Amino acid sequence: MMELTNPLLLTVILINFFTLGSARLVACIRIVAVQGALLALLPLAVHGFTAHAMLLSAGALIFKGVFIPLLLLRAIREVRIRREMEPIIGFVPTLILGALMTAGAFLFADFLPLAAEHHDGLFVPTALATMFSGFLLLITRRKAITQVLGYLMLENGIFILGVLLSEALPLLVEGGVLLDLLVGVFVMGIVMNQINREFSSIDTESLTALKE
Amino acid sequence: MLELLLIFPLVVAAISLIIPNYQLRSWLLPVSGGLHLLLSISLAMEPFTLTGVWLGLDALSKLVLVVTSLLFFGCALYAVGYLEIRRDRGNKTMVPCLLIFLSAMTLAITARHLGLMWMAVEATTLSSAPLIYYNRNKLSIEATWKYLLICSVGIALAMLGLLFVAYGALDSGSPVSLQLDTLLAVAGTLSKPWLHAGFVFLLVGFGTKMGLAPLHSWKPDAYGEAPGLVGALLAGGLTSVAFLAILRGVQLMSAAGDGAMARQALLGMGLLSLFVAAIFMVRQPDIKRLLAYSSVEHMGLLAIGVGIGGLATFGAMLHLINNALTKGGLFLAAGNIQRAYSSKRLTEVRGAISVLPVSGTLFLAGFLAITGSPPFGPFMSEFTILRGIFANQRPFVGLLVLLFLALVFIGMGSTVLAATQGEAAAKTSDFRDRLLLCISPTAFILLVLLLGVYIPEPLQQALQNAAALLEVQP
Amino acid sequence: MFGNLVLHLAILLIFAPLLLGIITKTKAWFAGRIGAPLLQTYYDLARLWRKGFVFSRTTTWVFLLGPVIGLAVPLLASLLIPFGALPAPISFEGDLILFVYLFGLSRFFTAAAALDTGSSFEGMGAVREVTFSCLAEPTMLFALLVLTRLSGGLSLDTLFGEHLISSWQSEAGASLGLIMVCLFVVLLLECSRIPFDDPNTHLELTMVHEVMVLDHSGPAFGMILYGAVLKMMVLGALLVRLAIPWNTGWWLSDAALFLAGLCVLAVIIGVVESIMARLRLPRVPQVLIGTSLLSIFALVLVLR
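Residues numbered from 1 in each chain as written. Chains lettered and ligands numbered in written order. Predicted model: local features only at pLDDT ≥ 70, side-chain atom pairs only at ≥ 80, totals over all residues. Heavy atoms only, no water.

**Some thoughts on the interface of chain A and chain C**
Phase 1: Listed by partner, the interface residues are 23 residues for chain A and 14 residues for chain C.
Phase 2: Looking at the side of chain A facing chain C, the largest losses of area belong to Leu10, Val92 and Phe106 of chain A, adding up to 31% of the total buried there.
Phase 3: Inspection of the chain A/chain C interface yields zero salt bridges.
Phase 4: Taken together, the links from chain A to chain C amount to one residue pair in polar contact (both at pLDDT 80 or more).
Phase 5: Contributions of two or more residues to the side of chain A that touches chain C are made by α1 (2-21) and α5 (91-111) of chain A. (Contact = heavy atoms within 4.5 Å. Buried area = accessible area lost by both parts, 1.4 Å probe. Salt bridge = Lys/Arg side-chain N within 4 Å of Asp/Glu carboxyl O. Polar contact = N/O pair within 3.5 Å; in protein donor to acceptor, adjacent residues only side chain to side chain. Helix = DSSP H or I, 4+ residues; strand = E, 2+ residues; numbered from the N terminus.)

**Re the side chain of His298 of chain B**
Residue and element names in this part refer to chain B.
Phase 1: You can see His298 is positioned in helix α12 (residues 287-308).
Phase 2: In terms of polar contacts, His298 uses its side chain to reach the backbone carbonyl oxygen of Ile370, at 3.0 Å.
Phase 3: Residues contacting His298, with those up to four places away along its chain left out, are His319, Asn323, Lys327, Ile370 and Glu382.

**Re a nonpolar patch on the surface**
Phase 1: The grouping of Leu61, Ile62, Val66, Phe67 and Leu70 of chain A at the surface amounts to a nonpolar patch, some 430 Å² of accessible area in total.
Phase 2: Relative to the assigned elements, Ile62 of chain A resides in helix α4 (residues 51-79). (Patch = residues over 30% accessible without salt bridge, like charges linked within 9 Å, V, L, I, M, F, W, Y side chains within 5 Å. Areas by Shrake-Rupley, 256 points an atom, 1.4 Å probe, with all protein chains shown as cover.)

**Focus: the side chain of Ser103 of chain B**
All names here are of chain B.
Phase 1: Counting through the fold element by element, Ser103 comes out in helix α4 (residues 94-110).
Phase 2: Under the relative-accessibility criterion, Ser103 is labelled buried at 7%.
Phase 3: Those residues in contact with Ser103 that sit more than four places away from it in its chain are Leu6, Pro9 and Leu10. (Buried < 20%, exposed > 50% of the residue type's maximum accessible area, 1.4 Å probe, protein only.)

**Digging into the pattern of salt bridges**
Residue and element names in this part refer to chain C.
Phase 1: Here the structure, examined in full by the defined rule, presents 18 salt bridges over all chains.
Phase 2: Across the pair Glu273 and Lys27 runs a salt bridge, and its minimum N-O distance is 2.7 Å. With Glu273 in helix α10 (residues 251-275) and Lys27 in helix α1 (residues 2-31), this residue pair connects regions lying 246 residues apart in the sequence.
Phase 3: For Glu273, a relative accessible area of 4% translates into the label buried.

**Things to note about helix α15 (residues 357-370) of chain B**
Residue and element names in this part refer to chain B.
Phase 1: If you check α15, its first and last C-alpha atoms are 20 Å apart, about what 14 residues at 1.5 Å a residue would give, namely 20 Å.
Phase 2: Of all 14 residues in α15, ten are buried; the element is thus mostly enclosed.
Phase 3: Burial in α15 covers these residues: Ser359, Gly360, Leu362, Phe363, Leu364, Ala365, Gly366, Phe367, Ala369 and Ile370.
Phase 4: Along its buried surface, α15 packs onto α12, α13 (311-341), α14 (352-355), α16 (377-391), α17 (395-420) and α18 (435-453).
Phase 5: Immediately downstream of α15, the backbone of Gly372 shows phi near 90 degrees, a positive value. (Expected span 1.5 Å × (residues − 1).)

**A few points about the packing of α5 of chain A against helix α11 (residues 283-303) of chain C**
Phase 1: Close contact between α5 of chain A and α11 of chain C brings their axes to 10 Å; oriented N to C, the two are set at 5 degrees. Accordingly, the angle class assigned to the pair α5 of chain A and α11 of chain C is roughly parallel. Note on element contacts: α11 of chain C touches α5 of chain A through Gln286, Ile289, Gly290, Leu293, Phe297, Val300 and Leu301 of chain C, opposite Phe91, Val92, Leu95, Ile96, Ala99, Thr102, Ala103 and Phe106 of chain A.
Phase 2: Across the contact of α5 of chain A with α11 of chain C, the residue classes break down as twelve nonpolar, three polar and no charged. (Axes fitted to C-alpha atoms, helices over the stretch in contact; angles between N-to-C directions. Parallel < 35°, antiparallel > 145°, perpendicular 65-115°, else oblique. Nonpolar A, V, L, I, M, F, W, Y, C, P; charged D, E, K, R; others polar.)

**So, unusual backbone geometry**
Phase 1: Residue Pro214 of chain B follows Ala213 of chain B across a cis peptide bond; omega there is 0 degrees.
Phase 2: Positionally, Pro214 of chain B belongs in the loop between α8 (192-210) and α9 (218-225).
Phase 3: Residues Ile194 of chain C and Pro195 of chain C are joined by a peptide bond in cis, for which omega reads 10 degrees.
Phase 4: As for its placement among the helices and strands, Pro195 of chain C is situated in the loop between α8 (173-190) and α9 (218-243).
Phase 5: Here Arg136 of chain B, not a glycine, exhibits a phi torsion of approximately 50 degrees, which is positive.
Phase 6: As for its position among the elements, Arg136 of chain B is in the loop between α5 (114-132) and α6 (138-167).
Phase 7: Classification of Arg136 of chain B by relative accessible area gives partly exposed; the value is 35%.
Phase 8: Notably, Gln393 of chain B is not glycine yet its phi reads approximately 60 degrees, a positive angle.
Phase 9: Along the chain, Gln393 of chain B turns up in the loop between α16 and α17.

**Re the state of the cysteines**
Simply put, the disulfide is a covalent bond whose two ends are the sulfur atoms of two cysteines.
Phase 1: Applying the stated criterion across every chain yields a total of zero disulfides over all chains.
Phase 2: In this structure Cys28 of chain A is not part of a disulfide, and its nearest cysteine sulfur, from Cys182 of chain C, lies 20 Å away.
Phase 3: Here Cys134 of chain C is not disulfide-linked; the sulfur of Cys191 of chain C is the nearest cysteine sulfur, at 17 Å. (Disulfide = S-S within 2.5 Å.)

**With respect to the nonpolar core**
Phase 1: The biggest cluster of nonpolar side chains holds 325 residues, and the ones touching the most others in it are Leu72 of chain A, Trp145, Leu229 and Met317 of chain B together with Phe99 and Met233 of chain C.
Phase 2: The element best represented in this core is α6 of chain B, accounting for 20 residues.
Phase 3: Excluding residues that lie within four positions of it along the chain, Phe99 of chain C makes contacts with Ala77, Leu80, Ile81, Met140, Leu156, Val234 and Leu238 of chain C.
Phase 4: Leu267, Leu274, Leu301 and Leu386 of chain B belong to the second largest nonpolar core, which has 14 residues in total. (Core = buried A, V, L, I, M, F, W, Y, C linked by side-chain atoms within 4.5 Å.)

As structure tokens, this is what we get:
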């Protein structure tokens, strides 16, 4: 099953690049949904068809691949936003920074004291790269919805690491994590809607009144 | 029994959604709060610690459980009166969210599996976000967004920390698990770099939730814009829960023999929090933001207490209780003042004692308590912490702490005295002190006064047990 | 050796214009039309050759040099690369650099010819074309670097040799996939296809390549057209070899396989042209930089 994980993880990294460079919100939401769905296949690929893995995959697929994108798409439909504005450091510098950090993640993973079976794999670098891309999206973008997408990517990266440690994360906890994610996105969607109602935009540059 | 404690607030929350009567819905809160308090106290009185795979109560969790439950009961009583005068906003969101919040906090306190604890802390973030947004204006929406995003990212980093800790067990032959008792047993065999990295991320993640500097930026905004009772719950209850989460990390590091490193980190962050709080409290014109920075300061004190160890840890445990109760009283009184003046800034709020005799006096008394004046409780706990610092041969740290505390007293004092004393110059609304809105803050401040004079023996024992858990050596 | 050279040139010269016909047919089929016949390009070339030259009085010898070099360069470049399993007639160490910069040479002379007319219109097109090609150059070089690392040699013949089969099946397969995508993007750019440039447009604001060749007529235009299809075949040959790395041993079946691959590639280009719209001009550099980063990433993967 290991041969299947490498293309999966590489596609995840490609999706990171796409999201960093794209300005079309609907495309970004869909592609992060695809990333979540691909990651849902990861437990099956790593641990085989055990009950734990199958339930986890099914849960991740439904939550990350179906429900969360539905919530986000509904949120932007109500807000009627389709394009992201130029991020704080510009699209091209964001892409370059993301690529540099992905390369850095690959190099850094070689220095980490990993367990023997994870040493030459793609798991740890992909997880680090995805986390960093999510973080980058969170801090450089202006629209609230892209910040939520950044948060989702951060969680995706942590999920990859969690797949390696599935003995430590029993099904109850993983289920709880996914549920938290779903409710979190739901609450964020509602708050975004309210932001739009108050400010007529979801540009977080207008959320700077509170100081000191 | 523990499961009952968790489930019944959720059941009541579901019931509240279908009850049509407004008053009845509000009264659900103190009723469930009271039940929760009685159950918690009876569970805490059991002499032995309950430990299961998923849920359990040890000395630390018993302490935090009783304090949080008491705070919730008081705020729930206040909520009935508050929701009565806020009929324009309604209580259809506030009541269920408060009850879910209670359930999530209880789960975080009683969890024995760190993953479950993580999930519960995230659930508290999500259930408290709609509460901050209760006032539905531009400023509170900004505060809610910042709170939601910063705390969620912080908690995601805490999850990363948990995964690192679990990874440390991979090559060592011990079982890979995040169950607390299993982890404590095998702590010595965990791979050191992974354990340390995990602790750092745990500290950063849960420290964001607790409000330690430099991760405190959401606190002034969230506490400032939320209604008084929400602020009280967040400042007294949620911070204690987040502190408990960090203490689990300290327990782990101590069991692995690296307690010193954990303590150094906590000490550093604690001093930084004190420093930041002291600076921002001087000339702070907004009374609720003032209280938020005070919360940062006291979180810093808690961190310093645990960071020093020994007698100071006992002081920190005592301070947990004192801080929670005093903050409860302060925030509720501040909420009343804001209602009367329709503002929380010093430009409008003057002479609160003449307009609202009870709330104004409570606010003044709360200020004296929280800055450590005798005979109030925080004086005892801060004094104990300082004694611990000097007993541990750290005079420089002790002097710094004293300096910052003095700065805080001056800064907070100037704002509070200006707000409470003098003539009421500005126009006030026709809100005046009423029973339900004053009984809880009065009770809290009186309790704090009592704790300053006399600590009952069972409580002393409980605090000793809690402190002892943190001093475990391998 | 000589037979190889003749075969190479024959395949190139005879079959290149067919590719353009396939692309046009695919686009027409997508649009529900019947479209121009498959051999239309041959008819066009014949027609253009029979016409006379029309030169502007403001141009010099540089103006004629553009089309001539545009025709000569793909011919020379094709001699450096293998056509499928047929080896390259001319190959030496480091010829991949010559390959990349031969195209640079032709681009320079096309731009110079455009500027030679003195019209600001052509200047605008030259600027755009040169900028985009500059951004595509790193992609090309990094893709070739990945192949260098995998094969261990520095000649294009070795880069596309038989080791590709084992490379595809190993961990480097992902990198090969990535550089195929990158090379496809470079192909679309260099041959001025959608989404980077519209080959059918004649509006000022939207032309990039078209505007540079606006002033040529008759046989000069025929040379440009022929040079363009030859360039498409040469760049496409790289992609086809990457996708079909097998050797059958017999030259006829190798050639047939190669041509079949090229036809499929032409169909794919036609499909891409039909389903995508042209990118807004400011987006083109962003996409190109993204592709460069992809190829750098492929290189990082191979270097691990």
